[in-house]
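Breakdown of the fold
The residues making up each chain are set out below.
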Amino acid sequence: MSTANINCPYCSTNQDITTPGDYRPFYVTCSGCSRRFIAEPVENGTIVYRDGEAPCCSDPECRETEMGGSGED
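The structure presented is a predicted model; accordingly, all values stated were derived computationally and were not measured.

The rules we used
Residues numbered from 1 in each chain as written. Predicted model: local features only at pLDDT ≥ 70, side-chain atom pairs only at ≥ 80, totals over all residues. Heavy atoms only, no water. Helix = DSSP H or I, 4+ residues; strand = E, 2+ residues; numbered from the N terminus. Buried < 20%, exposed > 50% of the residue type's maximum accessible area, 1.4 Å probe, protein only. Polar contact = N/O pair within 3.5 Å; in protein donor to acceptor, adjacent residues only side chain to side chain. Contact = heavy atoms within 4.5 Å. Disulfide = S-S within 2.5 Å. Pairing = 2+ DSSP bridges. Axes fitted to C-alpha atoms, helices over the stretch in contact; angles between N-to-C directions.

A short note on the side chain of S58
Following the sequence through the fold, S58 ends up in the loop between β5 (45-50) and α1 (60-67). Here S58 falls in the buried class, since its relative accessible area comes to 3%. Within polar-contact distance, the side chain of S58 engages the side chain of E40 at 2.6 Å. Setting aside anything within four residues of it in sequence, one finds S58 in contact with P25, I38, E40 and Y49.

Details of the state of the cysteines
Scanning the model with the defined rule gives 1 disulfide in all. In this model, C56 is linked to C62 through a disulfide, with the two sulfur atoms separated by 1.8 Å. The S-S bond linking C56 to C62 shows a torsion near -95°; that makes this disulfide left-handed. Among the residues examined, C56 registers a relative accessible area of 30% and is labelled partly exposed. You can see C57 has no disulfide; the closest cysteine sulfur is in C56, sitting 7.1 Å from it.

As for the sheet that holds strand β4 (residues 36-42)
Across the sheet, which stays open at both edges, the 3 strands sit in the order β3-β4-β5 with antiparallel pairing between neighbours. The sheet is open, and its two borders are formed by β3 (26-29) and β5, each paired with just one other strand. If you compare each strand with its neighbour and ignore which way they point, the axes differ by 40° on average.

Here's what the structure looks like:
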């Protein structure tokens with residue numbers, strides 16, 4: 001695990017977060033406005049998205065659905 005310093009995409013509150021140590025996107029709850037947003041570690045930092053505005057591959061819920069079982073046997 002590592003840490004990153006990010007700004008909330010809603011209220012711009014600056015906060016330190018703990019990242020999972022890989023490049024999986026994850027949800028963060030802002031310490032300033034309490035809104036949920038997405039943080040995605042990338043090679044040169046961390047990208048943040050408003051909840052519902054991230055591409056599917058950067059949204060943890062959408063990503064889980066897409067990468068989960070396809071229903072094919």
